[in-house]
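Spelled out from the first residue to the last, the chains are:
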Amino acid sequence: MQSLNLFLLKKGYTKVKLRLAKTNHFEIKATINGVKGLFILDTGASSSCVGFDAIETFKLHAEESAIKAAGAGAIDMDTQVSKKNHIKIGTWGKKNIVLILFNLTHVNTALVNHNSKPVDGIIGADILKKAKAIIDYEKKYLYLKK
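What counts, and where the lines are drawn
- Each chain carries its own residue numbering, running from 1 in the written order of its sequence.
- In keeping with the model being predicted, local features are shown solely for residues with a pLDDT of at least 70 and side-chain atom pairs are shown and tallied solely at 80 or more, while totals for entire chains, interfaces and linings include all residues.
- By convention in this description, side-chain values take in all heavy atoms of the structure and omit both hydrogens and water.
- A run of DSSP states H or I qualifies as a helix once it reaches four residues; a run of E qualifies as a strand once it reaches two. Both are numbered from the N-terminal end.
- A 1.4 Å probe rolled over the protein chains alone gives each residue an accessible area, and that area as a share of the maximum for its type sets the label: buried under 20%, exposed over 50%, partly exposed in between.
- Distance and chemistry together define a polar contact, namely a pair of N or O atoms within 3.5 Å, with one atom able to donate a hydrogen and the other to accept it when in protein, and with adjacent residues in sequence counting only for side-chain atoms on both sides.
- Whether two strands pair depends on DSSP finding at least two bridges between them.
- What counts as an axis is a line fitted to C-alpha atoms, over the stretch in contact for a helix, and the angles between N-to-C directions run from 0 to 180 degrees.
- We define a nonpolar core as any set of buried Ala, Val, Leu, Ile, Met, Phe, Trp, Tyr and Cys residues linked to one another through side-chain atoms lying within 4.5 Å.
- Throughout, a residue-residue contact means that at least one pair of heavy atoms, one from each residue, lies within 4.5 Å.
- The arc under discussion is defined with respect to the helix axis, by the directions toward the C-beta atoms.

Chemist: How do you make sense of the side chain of Q80 when you look at a structure like this?
Modeler: Take Q80: it is sitting in strand 7 (residues 74-89). Judged by its relative accessible area of 17%, Q80 falls in the buried class. Looking at Q80, its side chain comes within polar contact range of the side chain of E64, at 3.1 Å.

Set out below in structure tokens:
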């Protein structure tokens, strides 16, 4: 029987190694607007997010947003939105990506308290859906359709 890896590569997918953090989250390296960062892969996050403190780092053009964010024990968090961003994960890339910006302090505090590295943001279901993502939990790979 053909392996999942070979099957997906033949179907035009690219694979990216995932790292399991001590918090049991998968971490992934990604590039936004040409700048590398560390992100949590979160299938339960509806939108991909970056912290307010990384606006300049990732060359984001922030606009006000009426949307309130919730997650990881926090609710009613103020957000901003940044449109027309380029994201690259491994060799997969996409332009015109919308990112939600909010205060990630509570997320990074929890990560650091569990001896994990702080992250720049979260890769959520919006990007995973665009990339037709498949996660191999056992082998710790993310497959993205080119």
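Past the structure itself, the notes keep going.
Chemist: How do you make sense of unusual backbone geometry when you look at a structure like this?
Modeler: Backbone phi values are negative for most residues with the exception of glycine, while trans is the configuration of most peptide bonds. Unusually for a residue other than glycine, N33 sits at a positive phi of about 50°. Inspection of the secondary structure puts N33 in the loop between strand 3 (26-32) and strand 4 (35-41). Although it is not a glycine, N115 adopts a positive phi angle of roughly 60°. Summarising the element assignment, N115 is placed in the loop between helix 2 (105-113) and strand 9 (121-123).

Chemist: Before we go on, may I ask you to explain the sheet that holds strand 11 (residues 141-145) in this structure?
Modeler: Each strand in a sheet pairs with its neighbour through backbone hydrogen bonds, running either in the same direction (parallel) or in the opposite one (antiparallel). The strand order 1-11-10 describes an open sheet built from three strands, whose pairing is antiparallel. Two strands in the sheet have a free side with no partner beyond their single neighbour: strand 1 (13-17) and strand 10 (134-136). Put simply, the sheet's adjacent strands are angled 25° from each other on average, direction ignored. Relative to strand 11, strand 10 is paired through three bridges, and the arrangement is antiparallel. Residue pairing in the sheet places D136 in a bridge with Y141 of strand 11.

Chemist: It is not clear to me how the nonpolar core should be interpreted in this structure. Could you clarify?
Modeler: Soluble globular proteins tend to pack their nonpolar side chains together in the buried interior. Grouped together as the largest cluster of nonpolar side chains are 26 residues, with contacts concentrated most on V50, I89 and I123. Listed by contribution, the elements that provide at least two residues to this core are strand 3, strand 4, strand 7, strand 8 (92-102), helix 3 (125-130) and strand 11. When residues no more than four places from it in sequence are discounted, the contact partners of I89 are V16, I28, K29, A30, I123, I127 and L144. In terms of nonpolar packing, the next biggest core, distinct from the first, is built from 12 residues, L38, I40, V119 and I122 among them.

Chemist: Where do I start with helix 2 in this structure?
Modeler: Every α-helix carries 3.6 residues per turn, so stepping three or four residues along brings you back to the same face. Within the span of helix 2, buried status applies to V107, N108 and L111. What you see down the axis of helix 2 is that its buried residues fit within an arc of 90°, all on one side. On its buried side, helix 2 packs onto strand 4.

Chemist: Honestly, the pairing of strand 3 in this entry has me stumped. Any pointers?
Modeler: The two faces of the sheet receive side chains in turn, since in a regular strand these alternate between them. Of all seven residues that make up strand 3, six are buried, and the element is covered over most of its length. Relative to strand 3, strand 2 (residues 19-20) runs antiparallel, the two being bridged by two bridges. If you follow R19 over to strand 3, its bridge partner there is E27. Of the strand pairs in this sheet, strand 3 and strand 4 are connected by seven bridges, and their pairing is antiparallel. Bridge assignment links I32 to a residue of strand 4, and that residue is V35. In textbook terms, the turn of a hairpin is the stretch between consecutive antiparallel strands, and for strand 3 and strand 4 this stretch comprises two residues, one of which, N33, has a positive phi near 50°.

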